[in-house]
Amino acid sequence: MRALGSPEVAVGDVLLSAENVSLSFGGVKAVSDVSFDIRKGEIRAIIGPNGAGKTSMLNIINGFYHPQQGRITFKGETRSKMRPHDAAHGGIARTFQNVALFRGMTALDNLMAGRTLKMHKNFFWQLLRFGPAMAEEVEHRHRVEEIIDFLKIQNIRRTPVAQLPYGLQKRLELGRALAMEPDLLLLDEPMAGMNLEEKEDMSRFVLDVNNHFGTTIALIEHDMGVVMDLSNRVVVLDHGIKIADGTPDQVKSNQAVIDAYLGVAH
Amino acid sequence: MAPHAAAQADTFPKVLIRNAHLYGSRPAMRHKDLGVWQTWTWGEVLALVRAYAVGLHRLGLKRGETIAIVGANRPKLYWSVMAAQMLGAVPVPVYADAVAEELSFVLAHAEVRYAAVEDQEQIDKILSVKERLPKLEHMVYDEKRGLRDYDHARLRSMDDVIEDGRKALTDPSVGVWLDAEIAAGKGSDASIILYTSGTTGTSKGVVLTGERSIKAAADTVAFDKLTENDVALAYLPLAWVGDHYLNYAQGLVAGFCMACPESADTAMQDLREIGPSFYFAPPRTLEQLLTRVMIRMEDASFLKRKMFHYFIGVARRYGERILNGQPVPLIGRLLYAIGNILVYGPLKNVLGFSRVRVAYTAGEAIGPDLFAFYRSIGLNLKQLYGQTEAFLYVTAQPDGEIYSDTVGPACPNVDIRIAENGEVLFKSPGMFAGYFKDEAKTAEAMTPDGYVMTGDAGFFDEKTGHLKIIDRAKDVGRLTDGALFPPKYIENKLKFYPNIREVVAYGDKRDFVCVMINIDLTAVGSWAERNNVVYGSYQELAGNPLVYDMIEKHVAEVNRSLAADKVMGGAQIKRFLILHKELDADDGELTRTQKVRRGFIAERYAPLIKALYDGSGEADISTEVTFEDGRKGTISARVKIRDMKIEPTPAAMGRAA
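In this text the structure is predicted, and so the values were computed from the model without any measurement.

Peer 1: Would you mind showing me how to read the overall build of chain B here?
Peer 2: Helix and strand counts for chain B come out as 23 helices and 27 strands. Against the globule reference of 26 Å for 657 residues, chain B gives a C-alpha radius of gyration of 27 Å, in line with a compact fold. Principal axes of the C-alpha set define a box for chain B whose edges measure 85 × 60 × 55 Å. In chain B, which comprises 657 residues, the share counted as buried stands at 45%. Looking at chain B alone, contacts between residues at least 24 apart form 64% of all its contacts between residues at least 6 apart.

Peer 1: Would you mind going over the environment of B:S80 with me for this structure?
Peer 2: All names here are of chain B. Structurally, the position occupied by S80 is in helix 4 (residues 75–86). Remark: the alpha-carbon pair of S80 and V596, spanning 516 residues in sequence, is separated by 40 Å. Non-local contacts of S80, meaning those with residues more than four positions away in its chain, are made with I69, P91 and A116.

Peer 1: Quick question: what am I supposed to make of the interface of chain B and chain A here?
Peer 2: Counting residues at the interface gives 11 residues for chain B, matched by 13 residues for chain A. Taken together, the residues that form the side of chain B that touches chain A break down as 2 nonpolar, 4 polar and 5 charged.

Peer 1: It is not clear to me how the environment of A:R158 should be interpreted in this structure. Could you clarify?
Peer 2: Residues and elements named next belong to chain A. With respect to the element layout, R158 can be found in the loop between helix 5 (132–151) and helix 6 (166–179). Look at R158 and you get exposed, because 10 C-beta atoms sit within 10 Å. Taking the C-alpha atoms as reference points, R158 and G246, separated by 88 residues in sequence, lie 43 Å from one another. The contact partners of R158, leaving out residues within four places of it in the chain, are T106 and L108.

Peer 1: Mind showing me how you'd approach the sheet that holds strand 5 (residues 77–79) of chain A here?
Peer 2: Consider a sheet: its strands pair through backbone hydrogen bonds, and that pairing is either parallel or antiparallel. Residues and elements named next belong to chain A. One open sheet holds the 4 strands; their spatial order is 2-1-4-5, and the pairing between them is antiparallel. The sheet is open, and its two borders are formed by strand 2 (28–39) and strand 5, each paired with just one other strand. Neighbour-to-neighbour, the strand axes of this sheet turn through a mean angle of 20 degrees, independent of strand direction. In the sheet, strand 1 (residues 14–25) pairs with strand 4 (residues 69–74) via 5 bridges, with the strands oriented antiparallel. Its bridge partner lying in strand 4, E19 is registered against R71.

Peer 1: Sorry, what's going on with the sheet that holds strand 19 (residues 452–460) of chain B here?
Peer 2: Residues and elements named next belong to chain B. Ordered in space as 16-17-19-20, the 4 strands form an open sheet in which the pairing is antiparallel. Two strands lie at the open edges of the sheet, namely strand 16 (415–418) and strand 20 (467–472), each paired on one side alone. Pairwise comparison of adjacent strand axes, ignoring direction, gives a mean angle of 50 degrees for this sheet. One ladder, built from 3 bridges, connects strand 17 (residues 423–427) with strand 19; its direction is antiparallel. Bridging from a neighbouring strand, F426 pairs with V452 of strand 19.

Peer 1: Please clarify how the domain arrangement of chain B should be interpreted in this entry.
Peer 2: Accessible area lost when the parts come together is the quantity often used to give the size of an interface. Domain annotation of chain B identifies domain 1 (2–280), domain 2 (295–379), domain 3 (394–475) and domain 4 (476–656). Computed over C-alpha atoms only, the centres of domain 2 of chain B and domain 4 of chain B are separated by 33 Å.

Peer 1: What am I meant to see in the packing of helix 6 of chain A against helix 7 (residues 196–213) of chain A here?
Peer 2: Between two packed helices, both the angle of their axes relative to each other and the distance between the axes serve to describe the pair. Residue and element names in this part refer to chain A. Where helix 6 contacts helix 7, the two axes come as close as 11 Å, and the packing angle between them is 10 degrees. If you check the angle between helix 6 and helix 7, you find them roughly parallel. Between helix 6 and helix 7, the contacting residues are G167, K170, R171, L174 and L178 on the first element and E198, M202, F205 and V209 on the second. Of the residues in the contact of helix 6 with helix 7, the class split is 5 nonpolar, 1 polar and 3 charged.

Peer 1: I tried to follow the domain arrangement of chain A on my own but got confused; where do I start?
Peer 2: Residue and element names in this part refer to chain A. In terms of domains, chain A is made up of domain 1 (12–91 + 182–266) and domain 2 (104–180). For domain 1 and domain 2, the distance between their C-alpha centroids amounts to 27 Å. Counting residues at the interface gives 11 residues for domain 1 and 10 residues for domain 2. Only helix 2 (84–90) and helix 7 provide two or more residues apiece to the side of domain 1 that touches domain 2. Looking at the side of domain 1 that touches domain 2 element by element, the count peaks at 4 residues for helix 7. Broken down by class, the residue content of the side of domain 1 that touches domain 2 amounts to 8 nonpolar, 2 polar and 1 charged.

Peer 1: Please clarify how helix 10 (residues 241–254) of chain B should be interpreted in this entry.
Peer 2: Residues spaced three or four apart along an α-helix point in a common direction, a consequence of the helix completing one turn every 3.6 residues. Among the 14 residues of helix 10 of chain B, 13 are classified as buried, and the element is accordingly described as predominantly covered. Residue B:G255 follows helix 10 of chain B closely and has a positive phi angle near 80 degrees.

Peer 1: Looking at this structure, how should I read unusual backbone geometry?
Peer 2: Glycine aside, residues mostly have negative phi angles, and peptide bonds mostly take the trans form. Positive phi values are uncommon outside glycine, yet A:H239 reaches one of about 50 degrees. Summarising the element assignment, A:H239 is placed in the loop between strand 9 (233–238) and strand 10 (241–246). A positive phi angle is found at B:K437, which is not glycine, with a value near 55 degrees. One can find B:K437 in the loop between strand 18 (434–435) and helix 16 (439–444). Classification of B:K437 as partly exposed rests on a count of 14 C-beta atoms within 10 Å.

Definitions and limits used
- Residues numbered from 1 in each chain as written.
- Chains lettered and ligands numbered in written order.
- Predicted model: local features only at pLDDT ≥ 70, side-chain atom pairs only at ≥ 80, totals over all residues.
- Helix = DSSP H or I, 4+ residues; strand = E, 2+ residues; numbered from the N terminus.
- Rg over C-alpha atoms; globule rule 2.2 N^0.38 Å.
- Buried ≥ 20, exposed ≤ 12 C-beta atoms within 10 Å, placed from the backbone.
- Contact = placed C-beta atoms within 7 Å.
- Nonpolar A, V, L, I, M, F, W, Y, C, P; charged D, E, K, R; others polar.
- Pairing = 2+ DSSP bridges.
- Axes fitted to C-alpha atoms, helices over the stretch in contact; angles between N-to-C directions.
- Domains from an automatic or database assignment.
- Parallel < 35°, antiparallel > 145°, perpendicular 65-115°, else oblique.

Below you can see the structure in the form of structure tokens.
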């Protein structure tokens, strides 16, 4: 087991890099001149106080926002304007700060929906649900069952999402992102609103995803304990500006970070 | 032919070989994995277990050594038990949810060198106490997830061990050697060590032998006519004697199929998919199931709800009599048949009981209403009484002789005696060989002439000839006039009323029996709502005279039922009061498992006890309470006491005449 909190840095190649990225909404500067990279196989945390630009950064990475300046390079390809579905095709999956599942559908159907991009038979074949389309569905169902087993949610397979408690919805959302078999998984506050036990479970799942599937993970999280335990490297934003970048220990002792969190007289 | 062949085989590996011969292509085990039921036939199980045994031997496991089995009900853990037994090693199952402390006690006491565990969670638990387990060398695991970065010098996956054994078995001489190992196993060798849960002191390792286990299982398999066509769902803890007996031992002896649920949380859904024909559930599980059904019925449409309640009424009137084969009027049979199509059948299907032929419940007293409900919808639910030392069965109810307050007559070949002090003693085919490494305790648990002391007090009911268990023998007291006073028996009788949540009975070495009662806020609260009884707090509701009237009726009913029993007639309740606060584990009044701490409560409420016995009509009390956030406060109240009428008992009438 990786000793939790050890500052061992993944030595993989750079999977994604952001260079001098700036984004503003009218007069509001959400992100200004931020550069950092995410390496293959690591767990990378983006932290910062409220309104620091973390979620904006995540939205830039998966192509939902387009930065006015700067470049995002993913898997060696630089795109100035990547759209969300391009990101999804390219292997970026994400979860949301507020759960975004299909509430009327069962847990299983939500996970199957996560496989949509991997389905090759066209709409009419799938309507027929026969022959090759059936074989394909069985194959996808098998992958989904592996995720169900992995997340230990066998008991809620047939339960409509709206009936599930919040903690399980969060877990299911992780499952749906995993169903895409992503190269890069973006988690936006996966532990927000959870109790201690749910947080511990979720931390275990995040570590296991990284360990078991080798998925690279970028996460935003408010719980400092969780961030310091889980991540290999941490980038800290404050008012849209990068103020620190390094291992959890380096970041913890950084004066700018301490000031940003505790506040100083300006 | 099957039972005879089973009687000849005196160890479980030999029974397994017999099954592979007799039922080679029939299912032996099922497990839901990745959403699909996987099946192994007896032939496949034998081949797998042989390979596993060879693999374990190559890891170093030898005859007479112990191997811990830790985890949920999974086929590979059952195979670990079989493979160990094949080598003459002794499996020691441990509860999967045991905390590290309990786990380390059992593993250290049993001196295990090996452990077969389910997953990383169990491995972490064992590693956290490894300095207390110097003898532990190797662990084999089923689920490899999360173990990538562990030190693998002492860890092996079960798949690898089985594969290793399979390769070794390609050499015919290895197969010959294994056959010799199996043949060398004697029926008198220890087959398994089951640790008692330790509710009464530290847990003890109960050693059971193969020959006795198989004999006991063969008796009950014949008693309930179980065959290779039956199916059971193994969802009870693997380390509990019930699972080892009902599923493992009976499954092997009868050759029936044991299905393992996908996970502990899916057991109820899996039950429905598998449709077992043999089923066991503790009363608590049955109660939860019923509650769930009732809640869902309240949400059902008007028509469905009406239909449900009407036909459940029909079932209450006729169902049990039909199941017992007693005479029932034609109209009753007709209505019941319609109800079966419209309600009972679908209901049993939802609960997974459609195919259940024999169902048992045991472990604690079951409420008569709950028991009658399941029987009335046609589930052949029966009671048994037993303990780990007996390898489960001491008594069981035969078909057609079912009563909610008895546990049945002695099982075939079981000899029961009631000691002077009311304690139940037995001698049975499956009785244990002794406690592991504890001859003193073994001697303590046996009478000089070889009967096992159960520690439970009971008596044989005159009407039915069945055994009735009343309480732990050490808790049973006597009134000053010498009448028997079983506190738990009285408390349970009262607790079966939904309005009563907790009861504490006093009477040992006193002149008469008194009880302190806690009302159930949900049940009494909804009664108050319906009857326009206004109340502001628990305390106010508890002191309401109308509530007192209602509880008085319940106590009077209990007195009548106590009076009907010659043995219990003297223990009728003379006075009672309703406590002004709920008994709570946070205040030390209940144990964490919700059992009343009689002695502690007597001290804490001493003024009330005094008032109960000195004849006063009410008493003042103030008690300190701890709130959920840790603050402390006091509650004071004036509690009223009511006197009850004592019913004449048959014996007393006899004396008078």
